[in-house]
Amino acid sequence: MTTRRRTTASDCNKNSELTLLPDPVSGFRRILMLTLLFSIVVLPCLVLYNATYLSRFLHGSPQNSLANLSLESEEAKLESVLKAASMKDKTVIITTLNEAWAAPNSIFDLFLESFKIGENTKGLLNHVVIIALDQKAYKRCLEVHPHCYALTVEGVDFSVEAYFMSKEYLKMMWSRIDILRVVLELGYNFLFTDADIMWFRDPFQRFYEDTDFQIACDNYALNDSYDLNNMPNGGFTFVKSNTRSIQFYKFWFASRNKYKNKHDQSVLMLIKHDPFLKNIGLKIRFLNTLYFGGFCEPSKDFNQVSTMHANCCFGLDTKIHDINIMLDDWRNYTSSSPSLKISWSSTWRVPQNCSIKNFDRDYKPKRLVQEGKKD
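Small disclaimer: the values here were computed from a predicted structure and weren't measured.

The seven strands are arranged β3-β2-β1-β4-β7-β6-β8 in an open sheet whose pairing can be described as mixed. The open sheet has two edge strands, β3 (148-150) and β8 (284-286), and neither has a second partner. Pairs of neighbouring strands in the sheet enclose a mean axial angle of 30°, with direction left out of account. Where strand β2 (residues 128-132) meets β3, three bridges bridge the pair, whose relative direction is parallel. From the neighbouring strand, A132 faces β3, where its bridge partner is A150. Here helix α5 (residues 135-144) sits on the sheet and contacts β1 (91-97), β2 and β3; the angle it forms with β3, its principal contact strand, is near 165°.

Encoded structure:
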């Protein structure tokens, strides 16, 4: 006889604890909710992430790599030119040219001529680097000079004469500041000279020691090389490569965004009192027009002048006219006897056409006028 054991409530509880299974309906609901959550939240995030990553891989990364490679390649080309032209202390003389200034019988030829007829300046041509702003200027440079570098700025045509304060002029001036910053970062000191500055004597003999940044003046009325109220001219600067000068050029270039539609010289006038220059310890001095004169304020002594700048002058033809007269004045001086030179009292016959009174605000370079007629 089989005895059946009666199942008690406590036995049921014990069995249920040992054999408890999930409710199929409840489990299905959980899976469904998790699936919906994944579809609504997680999956789109993954898709977005993958799309972004793939985009960077296919488009961003190669472009950045190519841009960096291109930049490194251009800097290598520039450094090669700088190295070939450098003095023993890693100093170079730099000027910039566009097609209008580089054309035969234009500013470039007059610039080279001044080195050839100056006193002890011909040898300095070996240290001059020409930064060409367009292909025609670069080609012309290669024909007559050993140290040429082609600078291209995307979307900008520097080939035409850039008239004062035009869009092209401003872009040209700021491109110049930026490339000079690169020269400093490559470890080279530079003497930047506008090509409309005529070299009559070695200017390095007149520079100050222990100065990071020294610059010519339109006017030197204050007779104090330390006075920040001097009127600087960015067309002639001697800069030593160091942390201070590099920081300064970066600050100068960045300031164009704060002072819109102003050229580099006007911005320099505004930032030369900025506390930033004092904070970085930049040593700045201004050059006397007795040695570094120009049409704004000509040097008063032929026996001491180093350079003369065709500043305060507007229009290419006007500059060429007056520079030729200035070179003739210098030739008359150098062809004289030593005794006559010592007592030389003649003054420059310039400016003539290069007078601010003759500044024509409606002037347009010939090439632009001709292109307008074609339209």
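Scanning the model with the defined rule gives 15 salt bridges in all. Close ionic contact of R201 with E119 constitutes a salt bridge, the shortest N to O distance being 3.1 Å. On the criterion of sequence distance, the pair formed by R201 in the loop between β5 (197-199) and β6 (213-219) and E119 in the loop between α4 (107-117) and β2 is long-range, its members being 82 residues apart. You can call R201 buried: its relative accessible area is 12%. Taking the relative accessible area as the measure of exposure, E119 reaches 28% and is therefore partly exposed. For R331, the salt bridge identified is with D328, shortest N-O distance 2.9 Å. Highlighted residues: R331 and D328, both in helix α10 (residues 316-334), separated by three residues, approximately one helical turn. You can call D328 partly exposed: its relative accessible area is 36%.

Our focus in this paragraph is the packing of aromatic side chains. This model, assessed by the stated rule, comprises 25 aromatic pairs. Consider the rings of Y333 and W344, whose centres lie 5.5 Å apart with planes at 85°: the pair is edge-to-face. Taken together, the residues span a long stretch of sequence, with Y333 in helix α10 and W344 in the loop between α11 (338-342) and α12 (366-374) at a distance of 11 residues. Between R285 and the ring centre of Y208, over which it is positioned, the NZ or CZ distance is 3.6 Å.

Let us look at empty space enclosed by the protein. To locate leftover empty space, one rolls a probe as large as a water molecule over the atoms. Enumeration according to the criterion identifies two cavities of 30 Å³ or more in this entry. In this structure, the largest cavity occupies an estimated 70 Å³ of space. Contributing to the lining of the largest cavity are I197, A216, C217, N233, G235, F236, F292, G293, T307, H309 and N311. Counting residues per element, the ones that place at least two in the lining of the largest cavity are β6, β7 (231-239), β9 (292-294) and β10 (307-309). At three residues, β7 tops the list of elements feeding residues into the lining of the largest cavity. By volume, the second largest cavity amounts to about 40 Å³. For the lining of the second largest cavity, the elements supplying multiple residues, two or more each, are α6 (167-185), β7 and α7 (243-254). Top contributing element to the lining of the second largest cavity by residue count: α6, with three residues. Partitioned by chemical class, the residues of the lining of the second largest cavity number five nonpolar, two polar and one charged.

Cut-off values and rules
- Along every chain, residues carry numbers that run from 1 in the direction the sequence is written.
- The model is predicted, so local features are restricted to residues of pLDDT at least 70 and side-chain atom pairs to those at 80 or more, both for listing and for counting; the totals for chains, interfaces and linings are taken over all residues.
- With hydrogens and water stripped out, all remaining heavy atoms of the structure feed into the side-chain values.
- When DSSP finds at least two bridges between two strands, those strands are taken to pair.
- Helical segments are the DSSP runs of H or I of at least four residues, strand segments are the runs of E of at least two, and each set is numbered from the N terminus.
- For helices, the fitted axis covers only the stretch in contact; all axes are lines through C-alpha atoms, and the angles between them, taken along N-to-C directions, range from 0 to 180 degrees.
- Two residues form a contact once any of their heavy atoms are found within 4.5 Å.
- Salt-bridge detection follows one rule: a side-chain nitrogen of Lys or Arg within 4 Å of a carboxyl oxygen of Asp or Glu.
- In this scheme, a residue with accessible area under 20% of its type's maximum is buried, one over 50% is exposed, and one in between is partly exposed, where area comes from a 1.4 Å probe on protein chains only.
- Side-chain rings of Phe, Tyr and Trp, where Trp is taken by its six-membered ring, are said to pair if the distance between their centres is within 6.5 Å; with planes under 30 degrees apart they count as stacked, over 60 as edge-to-face, and otherwise as tilted.
- The criterion for a charge sitting over a ring is simple: Lys NZ or Arg CZ within 6 Å of the ring centre, and within 35 degrees of the ring normal.
- Using only the protein atoms, space was sampled on a 1 Å grid; points where a 1.4 Å probe fits but cannot get out form cavities, open sets with protein on both sides within 12 Å along at least five of seven lines form pockets, and lining residues are those with an atom within 4 Å of a point.
- Grid points are joined across faces, edges and corners, and a volume is the space filled by probe spheres set on the points.
- Gly is placed with the polar residues, together with every amino acid not listed as nonpolar (Ala, Val, Leu, Ile, Met, Phe, Trp, Tyr, Cys and Pro) or charged (Asp, Glu, Lys and Arg).

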